[in-house]
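# Tertiary structure, described
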Amino acid sequence: MNWYVVYTKPKWEKKVAEQLQKRGIECYCPLVTQMRQWSDRKKKVEVPLFNSYVFVQLAEGDRNAVFECVGVVRYLFWLGKPAIVRTEEIEVIKKWLNTSDTIDVAVSSYQVGDSIQLESGPFSAQTATIQEMTNTHYVLVLESLGCVLKMKIKQ
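Note that the structure is predicted; figures quoted are calculated from it, not measured.

Here is what the cut-offs are and how they apply
Counting starts from 1 at the beginning of each chain's written sequence and moves along it residue by residue. Restriction of local features to residues with pLDDT of at least 70 applies here, the model being predicted, together with a cutoff of 80 or more for giving and counting side-chain atom pairs; totals for whole chains, interfaces and linings are based on all residues. For the side-chain quantities, the full set of heavy atoms in the structure was used; hydrogens and water were omitted. We count a stretch as a helix when DSSP gives it H or I for four or more residues in a row; a strand needs E for two or more, and each element gets its number in order from the N terminus. Residue exposure (1.4 Å probe, protein chains only): buried if accessible area is under 20% of the type maximum, exposed if over 50%, otherwise partly exposed. A contact between two residues is defined here by any heavy atoms of the two lying within 4.5 Å. Only the protein chains shown count as cover for residues, with accessible areas throughout obtained via the Shrake-Rupley method and a probe of 1.4 Å. A pair of Phe, Tyr and Trp rings is counted when the ring centres sit within 6.5 Å of each other, with Trp represented by its six-membered ring. The angle between the planes then sorts it: under 30 degrees is stacked, over 60 is edge-to-face, the rest tilted. Both a distance and an angle decide whether a charge sits over a ring: NZ of Lys or CZ of Arg must be within 6 Å of the ring centre and within 35 degrees of the ring normal. A pair is scored as a salt bridge if a Lys or Arg side-chain nitrogen falls within 4 Å of a carboxyl oxygen belonging to Asp or Glu. When DSSP finds at least two bridges between two strands, those strands are taken to pair. A fitted line through C-alpha atoms represents every axis, and for helices the fit uses only the stretch in contact; the resulting angles, taken between N-to-C directions, go from 0 to 180 degrees. Only protein atoms enter the 1 Å grid, on which a cavity is a set of points fitting a 1.4 Å probe that cannot get out and a pocket is an open set with protein on both sides within 12 Å along at least 5 of 7 lines, lining residues being those with an atom within 4 Å of a point. Grid points are joined across faces, edges and corners, and a volume is the space filled by probe spheres set on the points. Gly falls in the polar group here, along with every residue not listed as nonpolar (Ala, Val, Leu, Ile, Met, Phe, Trp, Tyr, Cys, Pro) or charged (Asp, Glu, Lys, Arg). Only buried residues count toward a nonpolar core, which is a set of Ala, Val, Leu, Ile, Met, Phe, Trp, Tyr and Cys residues joined through side-chain atoms within 4.5 Å. Values of pLDDT, ranging from 0 to 100, describe the predictor's confidence in every residue of the model. Criterion for a disulfide: a pair of cysteine sulfur atoms at a distance within 2.5 Å.

This part covers the overall build of the protein. When its secondary structure is counted, the protein shows 2 helices and 13 strands. Buried residues in the protein amount to 37% of all 155 residues. For the protein, restricting intrachain contacts to residue pairs at least 6 apart in sequence, the fraction spanning at least 24 positions comes to 49%. As displayed, the protein offers around 10,200 Å² of accessible surface, 48% of which is attributable to carbon and sulfur atoms.

Here you go:
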């Protein structure tokens, strides 16, 4: 069975994942904890790592079952076919989210557009392209995973 990427309505990722689980469909919605501030308080909230995306593991013939859930829009396509995510990539995401310490990335001698090989952390041995560098973060494009990674600089 392959992992596919389901595109959801905005802000429906957790609801769709819950509905899929109730229907017995293997799914994964990676969540990260962020501090959000309102006018009267601060609160830690869990938000999806990938906006509007939920990963589902299904057989090719069972792909239409996800459309029974409210909030599912369509599958994500790549080169005219439904995008398939390798199990190893899902495991890398899970491992990265379970890592408690922040990974240091030093790219001081690099320029925007350079390709680098990540040497440590859950994305070790992955090739990334530097898309943006600021004083507070780096934006790296991981083409093999098809995602953009924003890493904060430790202060």
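For the structure on display, the rule yields 5 aromatic pairs. Ring centres of Tyr 7 and Tyr 53 lie 6.0 Å apart, and the angle between their planes is 65 degrees; this geometry places the pair in the edge-to-face category. Placement of Tyr 7 in strand E1 (residues 2-8) and of Tyr 53 in strand E5 (residues 53-58) is noted, with a sequence separation of 46 residues between them. In textbook terms, an aromatic cluster arises when at least three aromatic residues are bridged by ring pairs, as seen for Tyr 4, Phe 67 and Tyr 75. Here the guanidinium or amino end of Arg 41 rests over the ring plane of Trp 38, the centre of that ring lying 5.0 Å away. Across from the ring centre of Tyr 4, 5.7 Å away, lies the NZ or CZ of Arg 63, which sits over that ring.

Moving on to the pattern of salt bridges. Taken as a whole and judged by the stated rule, the model has 6 salt bridges. The salt bridge partner of Glu 88 is Arg 86, with a shortest N-O separation of 3.3 Å. For Arg 86, a relative accessible area of 48% gives the class partly exposed. A salt bridge links Arg 86 to Glu 89; its shortest N-O distance comes to 3.5 Å.

For the rest of this paragraph, the subject is the sheet that holds strand E11 (residues 127-133). Across the sheet, 4 strands lie side by side as E10-E11-E12-E13; this open sheet has antiparallel pairing. With partners counted over all chains shown, the strands left at the sheet margins are strand E10 (115-117) and strand E13 (147-152), one partner each. Within this sheet the neighbouring strands show an average axis-to-axis angle of 40 degrees, counted without direction. As judged from the 4 bridges shared by E11 and strand E12 (residues 137-142), these two strands associate in the antiparallel manner. Each bridged residue has a counterpart across the sheet, and for Glu 132 the counterpart in E12 is Val 139.

Bringing the layout of surface pockets into the picture now. Approximately 550 Å³ is the volume found for the second largest pocket. Lining the second largest pocket are 22 residues, with Leu 76, Ala 83, Val 85, Leu 145 and Gly 146 sitting closest to its centre. For the lining of the second largest pocket, the secondary-structure elements that each account for two or more residues are E5, strand E7 (77-78), strand E8 (81-82), strand E9 (84-85), helix H2 (87-98) and E13. Grouping the constituent residues of the lining of the second largest pocket by class yields 15 nonpolar, 3 polar and 4 charged.

By size, the foremost hydrophobic cluster in this structure holds 20 residues, and its most contacted members are Phe 55, Phe 123, Leu 140 and Leu 142. Going through the elements one at a time, E1, H2, E11, E12 and E13 are the ones with two or more residues in this core. If we ignore the near neighbours within four places in the chain, the residues touching Phe 55 are Trp 3, Tyr 4, Val 5, Glu 26, Cys 27, Tyr 28, Pro 30, Phe 50, Val 85, Ile 90 and Ile 93. Grouped together as the second largest cluster of nonpolar side chains are 15 residues, Leu 20, Val 54, Leu 58 and Tyr 75 included.

What follows is about the confidence of the model for the protein. Chain-level pLDDT for the protein is 84 on average; 90% of the residues reach the 70-or-more range. Per-residue pLDDT stays below 50 along residues 104-108; that stretch engages in 8 contacts with residues further than four places along the chain or on separate chains.

Under the definition given, this model contains 0 disulfides. Not part of a disulfide, Cys 27 finds its nearest cysteine sulfur in Cys 29, a span of 7.7 Å.

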